[in-house]
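Each chain, letter by letter, is given below.
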Amino acid sequence: MRVPLSWLREYVDLPATETGRDVQAKLISVGLEVETVEQLGDGLKGPLVVGKVLTIEELEGFKKPIRFCTVDVGTANGTGEPQEIVCGARNFAVGDKVVVVLPGAVLPGDFAIAARKTYGKTSHGMICSGDELGMGDDGSHGIIVLPPEHEVGTDAIELLQLVDEVLDIAVTPDRGYALSIRGVARETATAYGLPLRDPALLDVPGPNAFGYPVRVSEPLGCDRFTARTVTGLDPEARSPLWLTRRLQKAGMRPISLAVDITNYVMLELGQPLHAYDRSRVQGPIGVRRAERGEQLVTLDGVTRTLDAQDLVITDDRGPIGLAGVMGGANTEIDDTEGTTTEVVVEAAHFDALSISRTARRHKLASEASKRFERGVDPQAASAAAQRTVDLLVLLAGGTADAGVTEVIAPSAPHTITIPADHPDKVAGVEYGRETVVRRLQEVGCDVYGQDELIVTVPSWRPDLTDPNDLAEEVIRLEGYENLPSTLPKPPAGRGLTDRQRLHRRVGRALAGAGYVEAPNYPFVGEHVFDQFGLAADDPNRKVVKLVNPLSDEEPALRTTLLPGLLGALRRNDGRGSHDLALFETGLVFHPREELKIAVRLPVDRRPTDEEIASLTEALPLQPRHAAVVLTGAREQAGWWGKGRPSDWADAVESARILAREAGTELLVRKGQYGPWHPGRCAELAVVVEGVEQVVGYAGELHPGVLKTLGLPARTSAMELDLDVLESASAGVPKGPKISTFPVATQDVALVVDTAVPHTAVEAALREGAGELLESIRLFDVYDNAAQLGAGKKSLAYALRFRAADRTLTVDEASAARDAAVALAAERTGAVLRG
């Protein structure tokens, strides 16, 4: 919201010495986010005056049209003689009043004006456009042509209000009232302790039976509708300079008188309005829900197919406007033809949620919808309609029709009961009852009671719903900066949970292994499951869909981390980073079998365990996953060697890293799932309470998936469920005991069938070797049919034995090795090679 300081001063008598920076500091202290203060006309220096074009001579022989003009500027040039000026613009004619800057002046941007020779003539100044004066967009993109009533020689700096300060306020969603000069003026008056001249305090005639007929069939969507009629408008009337300048300063483009007035009143009071050409409205105006499939051409010229939840304005033909969002083209005031002489003014109050959903459904954000979805003062509708009528009568020579239509759904003001010392308890500061009552009254509340206050919330503050909201109002007006800085005292014995500890250990371990963390948004589109080749009945295809997604292309919550990680890998690879190892740990989301409605938790006390459990049951299942993706070189080449590309084994090893951090044994075996290559995919499993559970997959991705997603060849990935991994662990891994006794190393090479997985052989060796085995490592795989026989392979292992209390003898180490080989032979058919 852009707020000109000159406009703000109309409603609050600020000290003359107060600058925009001073007001900014005050408003920030009461909670408004004033981002910048724009200095309009900074560095501007006259003479800048109104001139009248006397003659125009077209200069020939140049690449673009050039005009040599004489302009009457009165006595502003010191001689009274016509001023000779060269100009390239063509949107003015002889007799027009224009803005002339004379030699010696300085325009915004430190642009000094002097007489200079150009195109064979000497130009003594400039005829100015709005852009050159820093006026913003007025839609004309040419020379400013002033109304004929302005006197030649008048100071244009004051006439055009070129010097001003504009506060740019970032209005948060809960403070919709601040999207108006009225709302900001109220905050300013409170901050300075000054009275407010409320622009909504107007004499408004009561409703009668002579107003334009209105039928509201959806009172839940529209609880108030005011209609006023103005006749006898001058179709040639144009917006005066003061009106257009205020719109420009507030960031809006002037369009036509009727539209400019409705925009002006919206900025002033915060109430969106719409003006209909009465001659183009057929029958009564109605408010209802749209019928599915109905169509409406909105003012932007787009034909929109309506949804059954859309709230529409209608006449006898059907929809003529998208309520609270944008009007229809079939009742538009046509300023180009200048035929509109009768106008029906609409000032209504619509349901915030309905307008918000309609605006997002049609991707049609407007100034009106922005205000309605944040909350508009329903009591301001009549005043806004009256203000619009008054301006139409004043500026367009119209006559206000005696008829006044008001359709109002009955409603009671919202009241909140709050202990008088509640703000004290929330802030930890003793304010006292008098301060609490005074601050709530400054907000606009009616307050009754002593120890227990009954507070009636003002109509323009729909965000005040709970005692804590009222406490926040007291605290912000008393000054957040006055709150003491005290550190909370956490109860002893509470730290990170086991789940949080594992999450941190996993992140540190992967980072230490050379992976870079790449967090992603938790949103996906369901088309990604087709790209991954998931089966139609795959559980990961069951997603939780968002009611209000950030993007229609990604309307669901993720069930796997891979789409986001692979997208990050693709972006980085496309920007020249080809050697990548990325990881992410985060939540995935699965819908529950039974959908439950979440309870609303209290804000005046800590929720009970039952309330928290009930809320949790209404949420989707949210297991924590970890995933990695790799491509390019895993080890860089250099003087030390050739380097090595990443492959499926690196993805499997990343899963083993996580298992070690969880203190559990990971079972790795051949598998096949979704996007992984069927011949280079490992299924990852753990044993939980004696039952094997699959926790994820690792390996190289399928070439077809890589091509579909635009990923580099031989990209590998791993994903597993950290929660299941944690449930299989024996707790936090303990650090190893360092033995002072030497290690005994025994190597064995076993010949097994090609189909026997290494993990089965390793598990048998580990179990057979017993507690003396310190570690086991596969260091060679040999496959030669001529020496080993068809369908055979040789697996060579290094076994390290060590005792904690003695030096092992050769016989003890050999016995342990033989026991390991014997069990491997029994379980896998392994034969000692050689």
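What this report covers is the structure whose coordinates are included nearby. All values derive from a computational prediction rather than experimental measurement.

**Some details on the nonpolar core**
- Within the largest apolar cluster, 55 residues are counted, with the highest numbers of intra-cluster contacts made by Val3, Val23, Leu27, Leu167, Ile169, Val265 and Leu392.
- Beyond its immediate sequence surroundings of up to four residues, Leu27 is in contact with Leu32, Val34, Leu167, Ile169, Val184, Glu187 and Thr188.
- One finds Leu502, Leu684, Leu722 and Val724 within the second-largest nonpolar core, a separate group that totals 29 residues.

**Observations regarding the sheet that holds strand β21 (residues 318-322)**
- Strand order in the open sheet made by the 5 strands is β14-β17-β20-β21-β22, with mixed pairing throughout. Each edge of the sheet is formed by a strand with only one pairing partner; in this case those strands are β14 (214-216) and β22 (326-327).
- Across 2 bridges, the pairing between β21 and β22 is antiparallel. Opposite Gly321, over in β22, you have Gly327 as the bridge partner.

**Describing the state of the cysteines**
- In the structure shown here, the tally under the stated rule is 0 disulfides.
- The thiol of Cys128 is unpaired, and the distance to the nearest cysteine sulfur, on Cys87, comes to 9.2 Å.

**Notes on the packing of helix α6 (residues 257-269) against helix α9 (residues 381-396)**
- Axis separation between α6 and α9 bottoms out at 10 Å; the angle between their running directions is 140°. Classified by the angle between their axes, α6 and α9 sit oblique to one another. The way α6 lies across α9 gives a crossing that is right-handed. For the pair formed by α6 and α9, the contact residues are Leu257, Ala258, Ile261, Thr262, Tyr264, Val265, Glu268 and Leu269 on the first element and Ala383, Ala384, Arg387, Thr388, Leu391, Leu392, Leu395 and Ala396 on the second.
- Residue composition of the contact of α6 with α9, grouped by class: 12 nonpolar, 2 polar and 2 charged.

**Side note on the packing of aromatic side chains**
- Applying the stated criterion to the full structure yields 9 aromatic pairs.
- Measuring from ring centre to ring centre gives 6.3 Å for Tyr521 and Phe523, while their planes differ by 20°; the resulting arrangement is stacked.
- Residue class for Tyr521 comes out exposed when judged on its relative accessible area of 67%.
- A cation sits over an aromatic face here: Lys121 above Phe68, 4.9 Å from the ring centre.
- Stacked on the ring of Tyr515, the Lys or Arg Arg634 has its end atom at 4.7 Å from the ring centre.

**Regarding helix α20 (residues 758-769)**
- Over its 12 residues, α20 runs 16 Å from end to end, which matches the ideal 16 Å to within 8%, given 1.5 Å per residue.
- Val761, Glu762, Ala764, Leu765, Gly768 and Ala769 are the residues of α20 that are buried. Projected down its long axis, α20 carries its buried residues within an arc of 160°, all on one side.
- In this fold, the buried residues of α20 make contact with β39 (744-753), β40 (773-782), β41 (792-801) and α22 (810-828).
- Residue Gly770 follows α20 closely and has a positive phi angle near 80°.

**Things to note about α6**
- Here α6 is 13 residues long and its end C-alpha atoms lie 18 Å apart, about the 18 Å a rise of 1.5 Å per residue gives.
- The element α6 is largely enclosed, with a buried count of 12 among its 13 residues.
- Turning to α6, its buried residues number three or more, namely Leu257, Ala258, Asp260, Ile261, Thr262, Asn263, Tyr264, Val265, Met266, Leu267, Glu268 and Leu269.
- Immediately beyond the C-terminal end of α6, within one or two residues, lies Gly270, with a positive phi of roughly 85°.

**Details of the side chain of Thr331**
- Secondary-structure assignment places Thr331 in the loop between β22 and β23 (343-350).
- Residue contacts for Thr331: discarding those within four places in its chain leaves Ala275, Tyr276, Asp277, Arg280, Val281, Arg317 and Ile320.

**Points about the environment of Gly301**
- On the secondary structure map, Gly301 appears in the loop between β18 (295-297) and β19 (303-305).
- Sequence spacing of Gly301 and Gly328 is 27 residues, and the spatial spacing of their C-alpha atoms is 8.7 Å.

**Some thoughts on the pattern of salt bridges**
- Under the definition given, this model contains 58 salt bridges.
- Overlapping salt bridges, with partners in common, bring together Arg175, Glu187, Arg461, Asp463, Glu473 and Arg476 in one network.

**Structural notes on the environment of Ala402**
- Position of Ala402 relative to the elements: it lies in strand β24 (residues 399-408).
- Between the C-alpha atoms of Ala402 and Thr229, which are 173 residues apart in sequence, the distance is 8.1 Å.

**Quick notes on the environment of Asp721**
- By secondary structure assignment, the location of Asp721 is in strand β38 (residues 716-721).
- Between the C-alpha atoms of Asp721 and Pro623, which are 98 residues apart in sequence, the distance is 7.0 Å.
- Discounting chain neighbours no more than four positions away, the residues touching Asp721 are Pro623, Arg624, His625 and Val695.
- Side-chain polar atoms of Asp721 contact the backbone nitrogen of Val724, separated by 3.2 Å.

**Observations regarding the pairing of β41**
- A large share of β41 lies buried, amounting to 8 of its 10 residues.
- Two elements, β39 and β41, share 10 bridges in a ladder whose sense is antiparallel. Across the sheet, residue Thr745 finds its bridge partner in β41, namely Arg800.
- Relative to β41, β40 runs antiparallel, the two sharing 8 bridges. Directly across from Ser775, in β41, lies its bridge partner Arg800.

Rules used throughout
Residues numbered from 1 in each chain as written. Predicted model: local features only at pLDDT ≥ 70, side-chain atom pairs only at ≥ 80, totals over all residues. Heavy atoms only, no water. Core = buried A, V, L, I, M, F, W, Y, C linked by side-chain atoms within 4.5 Å. Buried < 20%, exposed > 50% of the residue type's maximum accessible area, 1.4 Å probe, protein only. Contact = heavy atoms within 4.5 Å. Pairing = 2+ DSSP bridges. Helix = DSSP H or I, 4+ residues; strand = E, 2+ residues; numbered from the N terminus. Disulfide = S-S within 2.5 Å. Axes fitted to C-alpha atoms, helices over the stretch in contact; angles between N-to-C directions. Parallel < 35°, antiparallel > 145°, perpendicular 65-115°, else oblique. Left-handed = near helix turned anticlockwise from the far one by under 90°. Nonpolar A, V, L, I, M, F, W, Y, C, P; charged D, E, K, R; others polar. Phe/Tyr/Trp six-rings, centres within 6.5 Å; stacked < 30°, edge-to-face > 60°. Lys NZ or Arg CZ within 6 Å of the ring centre and 35° of its normal. Expected span 1.5 Å × (residues − 1). Arc of directions from axis to C-beta. Salt bridge = Lys/Arg side-chain N within 4 Å of Asp/Glu carboxyl O. Polar contact = N/O pair within 3.5 Å; in protein donor to acceptor, adjacent residues only side chain to side chain.

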